[in-house]
Amino acid sequence: SQQGEEDPQALSIQEGENATMNCSYKTSINNLQWYRQNSGRGLVHLILIRSNEREKHSGRLRVTLDTSKKSSSLLITASRAADTASYFCATDAGFGNEKLTFGTGTRLTIIP
Amino acid sequence: KAGVTQTPRYLIKTRGQQVTLSCSPISGHRSVSWYQQTPGQGLQFLFEYFSETQRNKGNFPGRFSGRQFSNSRSEMNVSTLELGDSALYLCASSLFGTANEKLFFGSGTQLSVL
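Quantities reported herein were computed from a predicted structural model and do not represent experimental measurements.

## Some words on the overall build of chain A
Next up, step 1: What chain A contains, in helices and strands, is 0 helices and 11 strands.
Next up, step 2: Order of helices (α) and strands (β) in chain A, N terminus to C terminus: β-β-β-β-β-β-β-β-β-β-β.
Next up, step 3: Relative to the compact-globule value of 13 Å for 112 residues, chain A shows a C-alpha radius of gyration of 13 Å, a close match.
Next up, step 4: Based on the C-alpha atoms only, the size of chain A along its principal axes is roughly 45 × 30 × 20 Å.
Next up, step 5: A separation threshold of at least 6 residues defines the contact pool for chain A, and within that pool the share at least 24 residues apart is 56%.
Next up, step 6: Counting only carbon and sulfur atoms, one obtains 47% of the accessible surface of chain A, whose full area is about 5200 Å².
Next up, step 7: The average position of the 13 basic charges and that of the 11 acidic charges among the side chains of chain A differ by 3 Å.

Structure follows, in structure tokens:
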């Protein structure tokens, strides 16, 4: 079963606009990570946020985490055609269980 | 540093056959995890190996097995293939396999079962 669920399942925006994706999870976590996957390829790590952090930035990426709502969001600012990909959140299952569980992903399409 | 290497890239098998997939992690990484990715189910965790020992296992039947060698390279085996086993199989490596580490993924093996 999925620990994380991304929303929306698919998103299409114009190049230059901002894209926001959300992830909800079910159980307490220690860390949450976001990954990107280009079509049919392996996943690439984007950012990790710990449970005691509320916001983290990396370049054009901004991730927020709300542990009270068990949710996270990924914001990509000033989108580019190269950002077209699927985005996944991944969570652990809390202390003592290091296994990472991935959500179902958001398919992002940037329209030039 | 070379990335995670998975071989073969594509594989076509028929029902009932068995298949072995290979994964070479990044040099120095001792943890290797395997995932199955299908359009309907997303990424499903198969198992994780660390220093030749299976530490975690997902909810897959016994037809799915794996092992890790002393050089950290890993293989997974699927016996008695079923149509539903058609998927992209991804392996990922990290130094210690802890949840606060990022995973480095290979490009995957696309398995088609006919």
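## Quick word on the pattern of salt bridges
Residues and elements named next belong to chain B.
Next up, step 1: By the definition in use, this model includes 8 salt bridges over all chains.
Next up, step 2: Across the pair Glu75 and Arg67 runs a salt bridge whose closest N-O atoms are separated by 3.3 Å.
Next up, step 3: Looking at Arg67, the relative accessible area reads 48%, which means it is partly exposed.
Next up, step 4: We note a salt bridge from Arg73 to Glu75, for which the minimum N-O separation is 3.3 Å.

## Brief notes about the sheet that holds strand 1 (residues 4-7) of chain A
Paired through backbone hydrogen bonds, the strands of a sheet run either parallel or antiparallel to each other.
Residue and element names in this part refer to chain A.
Next up, step 1: Across the sheet, 5 strands lie side by side as 1-3-8-7-6; this open sheet has antiparallel pairing. Each edge of the open sheet is held by one strand with a lone partner, namely strand 1 and strand 6 (55-58). For this sheet, the mean angle separating the axes of adjacent strands, direction not counted, is 15°.
Next up, step 2: Bridge count between strand 6 and strand 7 (residues 61-66): 4 bridges; the pairing is antiparallel.

## Some words on the side chain of A:Gln33
Next up, step 1: Mapping A:Gln33 onto the fold places it in strand 4 (residues 31-37).
Next up, step 2: Each residue touching A:Gln33, except ones within four places of it in the same chain, is listed here: A:His45, A:Ile47, A:Leu48, A:Phe88, A:Cys89, A:Ala90, A:Leu100, B:Ala99, B:Glu101, B:Lys102 and B:Leu103.

## Some details on the interface of chain A and chain B
Next up, step 1: On the side of chain B, 20 residues touch chain A, which itself brings 20 residues to the contact.
Next up, step 2: For the pairing of chain A and chain B, the buried interface totals around 1700 Å² over both sides, and the portion due to carbon and sulfur atoms is 50%.
Next up, step 3: The tally of links between chain A and chain B comes to 6 residue pairs in polar contact (both at pLDDT 80 or more).
Next up, step 4: Looking at the side of chain A that touches chain B, the elements that each hand over two or more residues are strand 4 and strand 5 (43-50) of chain A.
Next up, step 5: Looking at the side of chain A that touches chain B, its residues break down into 6 nonpolar, 9 polar and 5 charged.

## Thoughts on the state of the cysteines
Next up, step 1: Evaluation of the coordinates by the stated rule reveals 2 disulfides over all chains.
Next up, step 2: A:Cys23 shares a disulfide with A:Cys89; S-S distance 2.0 Å. For the disulfide bridge between A:Cys23 and A:Cys89, the dihedral angle about the S-S bond is near 65°, and by the sign convention the bridge is right-handed. On the criterion of sequence distance, the pair formed by A:Cys23 in strand 3 (residues 19-25) and A:Cys89 in strand 9 (residues 85-91) is long-range, its members being 66 residues apart.
Next up, step 3: One disulfide bridge connects B:Cys23 with B:Cys91, the sulfur atoms lying 1.8 Å from each other. Between B:Cys23 and B:Cys91 the disulfide shows an S-S torsion of about 65°. By sign, it is right-handed. Of this pair, B:Cys23 sits in strand 3 (residues 19-24) while B:Cys91 sits in strand 9 (residues 87-94), and the two are 68 residues apart along the sequence. Per residue, the accessibility class of B:Cys23 equals that of B:Cys91, and both read buried.

## Let's talk about the sheet that holds strand 1 (residues 5-7) of chain B
Residue and element names in this part refer to chain B.
Next up, step 1: Reading across from one edge, 1-3-8-7 is the order of the 4 strands in this open sheet, with antiparallel pairing throughout. Of all the strands in the sheet, just strand 1 and strand 7 (64-68) have a single pairing partner and so form its edges. Each strand of the sheet is rotated relative to its neighbour by a mean of 15°, with strand direction disregarded.
Next up, step 2: Summarising the sheet, strand 7 and strand 8 (residues 74-78) pair through 5 bridges and their orientation is antiparallel. Bridged to Gly66 within strand 8 is Met76.

Thresholds, definitions, all that
Residues numbered from 1 in each chain as written. Chains lettered and ligands numbered in written order. Predicted model: local features only at pLDDT ≥ 70, side-chain atom pairs only at ≥ 80, totals over all residues. Heavy atoms only, no water. Helix = DSSP H or I, 4+ residues; strand = E, 2+ residues; numbered from the N terminus. Rg over C-alpha atoms; globule rule 2.2 N^0.38 Å. Contact = heavy atoms within 4.5 Å. Areas by Shrake-Rupley, 256 points an atom, 1.4 Å probe, with all protein chains shown as cover. Lys, Arg positive; Asp, Glu negative; His and termini not counted. Charge placed at Lys NZ, Arg CZ, Asp CG, Glu CD. Salt bridge = Lys/Arg side-chain N within 4 Å of Asp/Glu carboxyl O. Buried < 20%, exposed > 50% of the residue type's maximum accessible area, 1.4 Å probe, protein only. Pairing = 2+ DSSP bridges. Axes fitted to C-alpha atoms, helices over the stretch in contact; angles between N-to-C directions. Buried area = accessible area lost by both parts, 1.4 Å probe. Polar contact = N/O pair within 3.5 Å; in protein donor to acceptor, adjacent residues only side chain to side chain. Nonpolar A, V, L, I, M, F, W, Y, C, P; charged D, E, K, R; others polar. Disulfide = S-S within 2.5 Å.

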